[in-house]
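Each chain is listed here by its residues.
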Amino acid sequence: MALVGGLILFGALLRLMPHWPNFTPIAAMALFGGTYIKKKHLAFLVPVAALLISDFFLGFHQWMIAVYVSFALVVGIGMLLRNRVKVGSVLLATVSASLLFFIITNFAVWLGSPFYPQNMAGLIESYTLAIPFLNNGILGDLFFSTVFFGGFYLVQQRYPAFREA
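Below, the structure is looked at part by part. (Residues numbered from 1 in each chain as written. Predicted model: local features only at pLDDT ≥ 70, side-chain atom pairs only at ≥ 80, totals over all residues. Heavy atoms only, no water.)

1. Observations regarding the nonpolar core
Convention followed: Buried residues of nine kinds, namely Ala, Val, Leu, Ile, Met, Phe, Trp, Tyr and Cys, make up a nonpolar core once their side-chain atoms join them within 4.5 Å. The cut-offs for exposure are 20% and 50% of the maximum accessible area for each residue type, with area from a 1.4 Å probe on protein chains only; residues under the lower value are buried, those over the upper are exposed, and the others partly exposed. To qualify as a helix, a DSSP run of H or I must reach at least 4 residues; to qualify as a strand, a run of E must reach at least 2; elements of each kind are numbered from the N terminus. Should any heavy atoms of two residues lie within 4.5 Å, those residues are counted as being in contact.
Counting 32 residues, the largest nonpolar core has Met29, Phe32, Phe71, Phe148 and Phe149 as the members making the most contacts within it. Elements that contribute at least two residues to this core include exactly helix H2 (26-36), helix H3 (40-58), helix H4 (64-81), helix H5 (87-112) and helix H7 (131-158). Leave out the neighbours within four places in its chain, and Phe149 touches Leu31, Phe32, Thr35, Tyr36, Leu81, Val85 and Val90.

2. As for the side chain of Ser113
Our working definition: In the analysis that follows, any N or O atom pair within 3.5 Å is treated as a polar contact, provided that within protein one partner can donate a hydrogen and the other can accept it, and provided that, for residues neighboring in sequence, both atoms belong to side chains.
Within the secondary structure layout, Ser113 lies in the loop between H5 and helix H6 (120-129). Among the polar contacts listed, one links the side chain of Ser113 to the backbone oxygen of Val109, at a separation of 2.6 Å. A polar contact of 3.4 Å, which involves the side chain of Ser113, links it to the backbone nitrogen of Phe115. With residues near it in sequence (within four places) discarded, Ser113 still touches Trp63 and Gln118.

3. Focus: the side chain of Asp141
This is how it is decided: His residues and chain termini do not enter the charge count, which takes Lys and Arg as positive and Asp and Glu as negative. One speaks of a salt bridge when a side-chain nitrogen belonging to Lys or Arg is within 4 Å of a carboxyl oxygen belonging to Asp or Glu.
Relative to the helices and strands, Asp141 is located in helix H7. One buried charged residue, Asp141, remains without a salt bridge, the closest side chain of opposite sign being Arg15 at 11 Å. Discounting residues that sit within four places of it in the chain, Asp141 has contacts with Thr24, Ala27, Ala28, Thr94 and Ser98.

4. Considering the environment of Tyr36
With respect to the helices and strands, Tyr36 occurs in helix H2. Note on Tyr36: relative accessible area 19%, which makes it buried. Tyr36 sits 43 residues away from Met79 along the chain, and the two C-alpha atoms are 8.0 Å apart.

5. Considerations on the packing of aromatic side chains
What counts is decided by this rule: Side-chain rings of Phe, Tyr and Trp, where Trp is taken by its six-membered ring, are said to pair if the distance between their centres is within 6.5 Å; with planes under 30 degrees apart they count as stacked, over 60 as edge-to-face, and otherwise as tilted.
Applying the stated criterion to the full structure yields 16 aromatic pairs. Ring geometry for Tyr36 and Phe149: centres 5.9 Å apart, planes at 50°, overall tilted. Taken as a pair, Tyr36 in helix H2 and Phe149 in helix H7 lie far apart in primary sequence, 113 residues in all. Phe149 shares its class with Tyr36; the two are buried. A centroid spacing of 5.4 Å and a plane angle of 45° characterise the contact between Phe102 and Tyr127, whose relative ring orientation is tilted. Taken together, the residues Phe102 in helix H5 and Tyr127 in helix H6 connect sequence positions 25 residues apart. Both residues of the pair, Phe102 and Tyr127, count as buried.

6. Here's the deal with the layout of surface pockets
Definition in use: A 1.4 Å probe that fits into a set of points on a 1 Å grid over the protein atoms alone but cannot get out defines a cavity; an open set with protein on both sides within 12 Å along at least five of seven lines defines a pocket, and lining residues are those with an atom within 4 Å of a point. Grid points are joined across faces, edges and corners, and a volume is the space filled by probe spheres set on the points. All residues other than Ala, Val, Leu, Ile, Met, Phe, Trp, Tyr, Cys, Pro, Asp, Glu, Lys and Arg, Gly among them, are scored as polar; the first ten of these are nonpolar and the last four charged.
A volume near 720 Å³ is recorded for the largest pocket. Taken together, 28 residues line the largest pocket, and the ones lying closest to its centre are Asn22, Val67, Phe101, Thr105 and Phe133. For the lining of the largest pocket, the secondary structure elements donating two or more residues are H3, H4, H5, H6 and H7. Broken down by element, the lining of the largest pocket gets its largest block of residues, six residues, from H5. Across the lining of the largest pocket, the residue classes break down as 15 nonpolar, ten polar and three charged. Put simply, the second largest pocket is a space of about 570 Å³. For the lining of the second largest pocket, the secondary structure elements donating two or more residues are H2, H5 and H7. When residues in the lining of the second largest pocket are grouped by element, the largest group, eight residues, is from H7.

7. Describing the pattern of salt bridges
When charged atoms on two side chains of opposite charge get close, those side chains can pair. Taken as a whole and judged by the stated rule, the model has one salt bridge. Arg15 is the partner of Asp55 in a salt bridge, and the nearest nitrogen-oxygen pair spans 2.7 Å. Taken together, the positions of Asp55 in helix H3 and Arg15 in helix H1 (residues 2-16) put the pair 40 residues apart, joining distant regions of the chain.

What follows is the structure, given as structure tokens:
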């Protein structure tokens with residue numbers, strides 16, 4: 001339970017600190033939680049709680065549901081990863097999580113905002129203008145996935161009791 005609480009606090013705090021846009025630990029935390037937290041409800045609760053805590057301070061916006069749904073789906077990707085944790089599979093899952101978040105959230109912005117025309121050109125413009133956020137998201141997700149998965153691997157090597165945790 002301390003691990004879960006620590007992840008929530010870590011995710012919320014890092015999201016509140018100055019950072020590049022979309023360079024946060026939330027997706028990596030969702031992926032890691034889906035992979036290693038055995039109780040499914042807690043695996044979903046960790047990223048949602050981190051988002052809620054940090055959004056309380058950052059403010060809420062009309063596309064929050066797309067953000068929360070994206071991270072819930074990333075937890076699902078983590079659950080698929082459970083018995084396949086290898087460098088390549090974690091890398092693929094991390095990039096998939098970044099792309100999933102990008103596709104869902106930018107579609108929601110296009111669909112529900114007056115910023116873009118509600119046609120194919122507007123949708124393409126929405127995705128095109130968001131590419132810098134995708135780049136930061138992928139870099140952040142890769143960095144934090146390395147921290148979570150790599151750090152946990154090192155802890156397991158040093159303390160074999162964590163291999164079954």
